[in-house]
Structures are given as C-alpha cells and as structure tokens.
Amino acid sequence: MPPVLERPFFHLSVVRTPLRGLIGQFAGLPPLVASRAENTALDFPAQGYQRGALPLLLWSPACDPGLTAVMPAVGSGDHFVLSYACERFGHDGVAVRSSSTVSDAEPINEFITYAGNRMQRAVRAMKDAPRWDFFQQGEPLPCEATHAYTARRVRDRLPREAVLDCLHAWGAPVREAAFWQSAQPAVTLVRGAPSAPGTPR
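Throughout, residues of each chain are indexed from 1 in the direction in which the sequence is written. Local features in this predicted model are restricted to residues whose pLDDT is 70 or higher, and side-chain atom pairs enter the listing and the counts only when it is 80 or higher, whereas totals over whole chains, interfaces and linings include all residues. Just so you know, side-chain values use all the structure's heavy atoms and leave hydrogens and water out.

Trainee: Whenever I open this one, unusual backbone geometry confuses me. Can you help?
Mentor: Leave glycine aside and you will find that most residues have negative phi; peptide bonds, for their part, are mostly trans. The linkage connecting Phe44 with the following residue, Pro45, adopts the cis geometry, with an omega of 10°. In this description a helix means any DSSP run of H or I spanning at least four residues, a strand means any run of E spanning at least two, and both kinds are numbered starting from the N terminus. Secondary-structure assignment places Pro45 in the loop between strand 2 (36–40) and strand 3 (56–59). Phi is positive for Asn117, which is not a glycine, with a value near 65°. If you trace the backbone, Asn117 turns up in the loop between strand 6 (108–115) and strand 7 (118–128).

What follows is the structure in structure tokens.
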C-alpha cells in the first residue's frame, strides 16, 4: 500500500475531470473566490501535509489523467474546491477523511460522493467526544459493506479499509503507486498577488 495511505490521518478529494480544465474553471470565478494556480513539486510520500506546508495541493494522477486529486493541509478547511467542482461546475467527485487509529484526538472515517451537482451519499463514523457517532445519508452504494453498519462498536462500522474500497470502486485507484505520481506539474491554489521569485509561500 502506498505510504501516504498509512499516515495517521489523511484527507483526500478526487474530481472526475482533468486538472487543467478544473484550474481554468476556478480562474473564471468572481474575484473574491477566484484562485490562481502556482506550480509546485509533487513528492509523495514526503509531501508536506501539516498546516503551513502546502495550503492546497492538486495533481493529475499518472494512472488516470482524467482525474484531479486534491489534498488540503491538515485543518486548513479547504473544502471549497470540491464544493465548487461538484455543486457549481457539475463534476462527479468523492471526498474522504480517514484516521488509522482510535487514539487520535478526533478519529474519523468518512466518505462522501457527489453526482449531478449535489451530494449523492455520505457515510461517517467519528468520535464526537465523549461518544462515537455514526451517520449516513443517501442511498447506499454497491461498494459499501452495509452489514458492518450494525456493529456494536460504532468505530468498527467504517474502518479505513472500507473507505479505500469505496474510493477504488468509485474510480480512484489510490492503492496504486502511480496515483500519487503525475506526468504534469502539480499546483497549489492561492489567492492574492503572485509570489516573488525565491519567496517562500
């Protein structure tokens, strides 16, 4: 399994459209929400993921250039990319958050799919202190192990492997090393004036 999927926590979205087309759509938004794309290095599994490392990373997976993968920094709140891509631009998409251990402060396993400009399906198991909570909305997808949703321990109802299975079934081959590589430059979406050459972002 690619090392990035073994991280204690990861947050990933995938949109069913090529990267450059999606970047062009964001560039055409009104000034308050339009974002400029700046090329950046793609370096998984060492890619920075903490707040302040990269604000928002998008790339075209080498194994499927028709997809755009999106990984925000931990706690950055960069959910607007998937929201605009799916609800405004009409692309199909999927978003997941996954904790590998229940010892995390706020463990969560979640997947959400979008189709036809709206959310299609959401399933989540998370610890909302002090209790665990299980939530689902929309019709179950064929990939789901719905028999697990009645497990006595809520944390067992949606483990990381189930989230990865649904990502794969949706069409995002995240278990392939080539998903975390790209034949074209990755980008970050930023707002404000362009960075001066040599100036850290």
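Trainee: How should the packing of aromatic side chains be read in this particular structure?
Mentor: Aromatic ring pairs are defined here through the distance separating the ring centres and the angle between the ring planes. The rule is short: rings of Phe, Tyr and Trp, with Trp giving its six-membered ring, pair when the centres are within 6.5 Å, and they are stacked under 30 degrees, edge-to-face over 60, tilted in between. Within the structure shown, the criterion is met by 9 aromatic pairs. Taking the centre distance of 5.1 Å and the plane angle of 55° together, the rings of Phe44 and Trp59 count as tilted. Placement of the pair is Phe44 in the loop between strand 2 and strand 3 and Trp59 in strand 3, with a sequence separation of 15 residues. Each member of the pair, Phe44 together with Trp59, is buried. Burial status follows relative accessibility: with a 1.4 Å probe on protein chains alone, a residue under 20% of its type maximum counts as buried, one over 50% as exposed, and anything between as partly exposed.

Trainee: Mind showing me how you'd approach the environment of Lys127 here?
Mentor: Within the secondary structure, Lys127 sits in strand 7. By relative accessible area, which is 32% here, Lys127 ends up partly exposed. Sequence-wise, Lys127 and Asn109 are 18 residues apart; in three dimensions their C-alpha atoms are separated by 9.6 Å. It only takes one pair of heavy atoms within 4.5 Å for two residues to be counted as in contact. Not counting chain neighbours up to four residues away, the residues in contact with Lys127 comprise Glu106, Pro107 and Trp132.

Trainee: Whenever I open this one, helix 3 (residues 160–170) confuses me. Can you help?
Mentor: Every α-helix winds through 3.6 residues per turn, so residues three or four apart in the chain are directed the same way. Taken residue by residue, helix 3 has Arg160, Ala162, Val163, Leu164, Cys166, Leu167 and Trp170 as its buried positions. Tucked into the core, helix 3 has its buried residues touching strand 1 (9–15), strand 5 (93–99) and strand 6.

Trainee: Is there a simple way to explain helix 2 (residues 80–88) in this structure?
Mentor: Those residues of helix 2 not exposed but buried are Phe80, Val81, Leu82, Ala85 and Cys86. Immediately beyond the C-terminal end of helix 2, within one or two residues, lies Gly90, with a positive phi of roughly 85°.

Trainee: Where do I start with the pairing of strand 3 in this structure?
Mentor: The side chains of a regular strand alternate between both faces of the sheet. Here strand 3 shows a buried face lined by Leu56 and Leu58 and a second buried face lined by Leu57 and Trp59. Pairing between two strands is assigned when DSSP locates at least 2 bridges connecting them. Two strands pair when backbone bridges link them, and strand 3 and strand 4 (residues 68–72) are joined in this way by 4 bridges, in the antiparallel orientation. The residue bridging Leu57 from the neighbouring strand is Met71, located in strand 4. Where strand 3 and strand 9 (residues 186–190) come together, 2 bridges link them in antiparallel fashion. Residue pairing in the sheet places Leu57 in a bridge with Thr188 of strand 9.

Trainee: Whenever I open this one, the pairing of strand 7 confuses me. Can you help?
Mentor: Inspection of the sheet shows strand 6 paired to strand 7 by 8 bridges, in the antiparallel sense. Looking at the pairing, Ile112 lines up with Ala122 of strand 7. In sequence, strand 6 turns back onto strand 7 through a hairpin of 2 residues, with Gly116 there showing a positive phi of about 60°. Across 7 bridges, the pairing between strand 7 and strand 8 (residues 131–137) is antiparallel.

Trainee: Looking at this structure, I do not really get the nonpolar core. What am I missing?
Mentor: Nonpolar side chains tend toward joint burial in soluble globular proteins. Counting 32 residues, the largest nonpolar core has Leu12, Trp59, Val174, Phe179 and Trp180 as its most contacted members. The element contributing the most residues to this core is helix 3, with 6 residues. Not counting residues within four places of it along the chain, the set of residues in contact with Phe179 comprises Leu12, Val14, Trp59, Pro61, Cys63, Ala69, Ala172, Pro173 and Val174. Here, nonpolar core means buried Ala, Val, Leu, Ile, Met, Phe, Trp, Tyr and Cys residues that are tied together by side-chain atoms lying within 4.5 Å of each other.

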